[in-house]
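Here is how the chains run, residue by residue.
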Amino acid sequence: TQLLEQSPQFLSIQEGENLTVYCNSSSVFSSLQWYRQEPGEGPVLLVTVVTGGEVKKLKRLTFQFGDARKDSSLHITAAQPGDTGLYLCAGLTGANNLFFGTGTRLTVIP
Amino acid sequence: EAGVAQSPRYKIIEKRQSVAFWCNPISGHATLYWYQQILGQGPKLLIQFQNNGVVDDSQLPKDRFSAERLKGVDSTLKIQPAKLEDSAVYLCASNRQLNTEAFFGQGTRLTVV
């Protein structure tokens, strides 16, 4: 079982602020995905990063995969209330196992 | 295309009773996952199927949980007998191949009283 630790566990910020969520593991993954989950729904994919050191941008969200493919970060610029939700990182192994992180619950206050 | 279908959406049972959940993945998706998500936590992988074969069930409590995926399409997850700590949302997901998006159903919220 691969463990992925996310930090912080909870984050409450004002609209317009920037934030970074971290996802760390001692295991190497073939790729790393970030999902967002709303109450009562299943997680929905935001991005997949495959190459060590890769950086992907999705509007105000920037995702980075660590050089060693063990960790990742999610940076949100100018957070908006619509960004509120549970953010989950997930590591994919070569056998297509998909292990989720512990989660970061983000609240953006208007 | 249709998404991942799960039923029921909600289930309340007494401890020591049995319960079954059903999942129909997206057509053509060979990999099917069952997760247990306790409130406020990330989903925990219970079992992974590739077609109708089990790839990983290392975190499945096999003394009470069982799962099958006959014909490599839909799947059922069963708990017998249920314990209070089994109260959680059970999520089913599927994907087509490695490094692709996993699509999730809405989940089944189980409450054991």
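Structural data are supplied above this passage.
Everything in this summary refers to the structure shown in the same document. (Residues numbered from 1 in each chain as written. Chains lettered and ligands numbered in written order. Predicted model: local features only at pLDDT ≥ 70, side-chain atom pairs only at ≥ 80, totals over all residues. Heavy atoms only, no water.)

**Notes on the overall build of chain A**
Here comes step 1: When its secondary structure is counted, chain A shows 0 helices and 11 strands.
Here comes step 2: Along chain A, helices and strands appear, N-terminal first, in the series β-β-β-β-β-β-β-β-β-β-β.
Here comes step 3: Among the 110 residues that make up chain A, the fraction classed as buried is 48%.
Here comes step 4: In chain A, 54% of the contacts between residues at least 6 apart in sequence involve partners at least 24 apart.
Here comes step 5: For chain A, the exposed area adds up to about 4,900 Å²; of that, 52% sits on carbon and sulfur atoms.
Here comes step 6: Positive and negative side-chain charges in chain A, numbering 8 and 9 respectively, have mean positions lying 5 Å apart. (Helix = DSSP H or I, 4+ residues; strand = E, 2+ residues; numbered from the N terminus. Buried < 20%, exposed > 50% of the residue type's maximum accessible area, 1.4 Å probe, protein only. Contact = heavy atoms within 4.5 Å. Areas by Shrake-Rupley, 256 points an atom, 1.4 Å probe, with all protein chains shown as cover. Lys, Arg positive; Asp, Glu negative; His and termini not counted. Charge placed at Lys NZ, Arg CZ, Asp CG, Glu CD.)

**Quick look at unusual backbone geometry**
Here comes step 1: Omega for the peptide link from A:S7 to A:P8 comes to -5 degrees, which places this bond in the cis form.
Here comes step 2: Residue B:P81 follows B:Q80 across a cis peptide bond; omega there is -5 degrees.
Here comes step 3: With respect to the secondary-structure elements, B:P81 resides in the loop between β8 (75-79) and β9 (88-95).
Here comes step 4: Within the chain, B:R16 stands out as a residue other than glycine whose phi angle is a positive 80 degrees.
Here comes step 5: Among the secondary structure elements, B:R16 is positioned in the loop between β2 (10-13) and β3 (19-24).
Here comes step 6: Relative accessible area serves as the criterion here: at 63%, B:R16 is assigned to the exposed category.

**Looking at the environment of B:W22**
Residues and elements named next belong to chain B.
Here comes step 1: By the element assignment, W22 lies in strand β3.
Here comes step 2: The spacing of W22 and S94 is 72 residues in sequence and 13 Å in space, taken between C-alpha atoms.
Here comes step 3: Dropping the residues within four chain positions of it, W22 is found in contact with A5, Q6, S7, W34, D74, S75 and T76.

**Points about the sheet that holds β8(B)**
Residues and elements named next belong to chain B.
Here comes step 1: Across the sheet, which stays open at both edges, the 4 strands sit in the order β1-β3-β8-β7 with antiparallel pairing between neighbours. Edge strands, defined here as strands with exactly one partner in the open sheet, are β1 (5-7) and β7 (65-68). Strand-to-strand twist in this sheet, taken as the mean axis angle between neighbours without regard to direction, amounts to 15 degrees. (Pairing = 2+ DSSP bridges. Axes fitted to C-alpha atoms, helices over the stretch in contact; angles between N-to-C directions.)

**Brief notes about the interface of chain A and chain B**
Here comes step 1: Tallying the contact residues gives 27 residues for chain A and 26 residues for chain B.
Here comes step 2: When chain A packs against chain B, the two sides together hide about 1,900 Å² of surface, and 47% of this comes from carbon and sulfur.
Here comes step 3: Per-residue buried area on chain A facing chain B is highest for A:N96, A:L98 and A:F100; these three make up 26% of the total on that side.
Here comes step 4: The tally of links between chain A and chain B comes to 0 salt bridges.
Here comes step 5: If you list the elements that add at least two residues to the side of chain A that touches chain B, you get β4 (31-37), β5 (44-49), β9 (85-92) and β10 (98-100) of chain A.
Here comes step 6: Examining the composition of the side of chain A that touches chain B, we find that 4 residues originate from one element, β4(A), more than from any other.
Here comes step 7: Of the residues that constitute the side of chain A that touches chain B, the class distribution is 11 nonpolar, 14 polar and 2 charged. (Buried area = accessible area lost by both parts, 1.4 Å probe. Salt bridge = Lys/Arg side-chain N within 4 Å of Asp/Glu carboxyl O. Nonpolar A, V, L, I, M, F, W, Y, C, P; charged D, E, K, R; others polar.)

**Description of the pattern of salt bridges**
Here comes step 1: Applying the stated rule across the entire model yields 5 salt bridges over all chains.
Here comes step 2: Among the ionic pairs, A:E54 bridges to A:K56, the shortest N-O distance being 3.9 Å.
Here comes step 3: Taking the relative accessible area as the measure of exposure, A:K56 reaches 32% and is therefore partly exposed.
Here comes step 4: For B:R64, the salt bridge is made with B:D86, and the minimal N-O distance between the two is 2.5 Å. Taken together, the positions of B:R64 in the loop between β6 (53-56) and β7 and B:D86 in the loop between β8 and β9 put the pair 22 residues apart, joining distant regions of the chain. Across the pair, B:D86 and B:R64 agree in class, each one buried.

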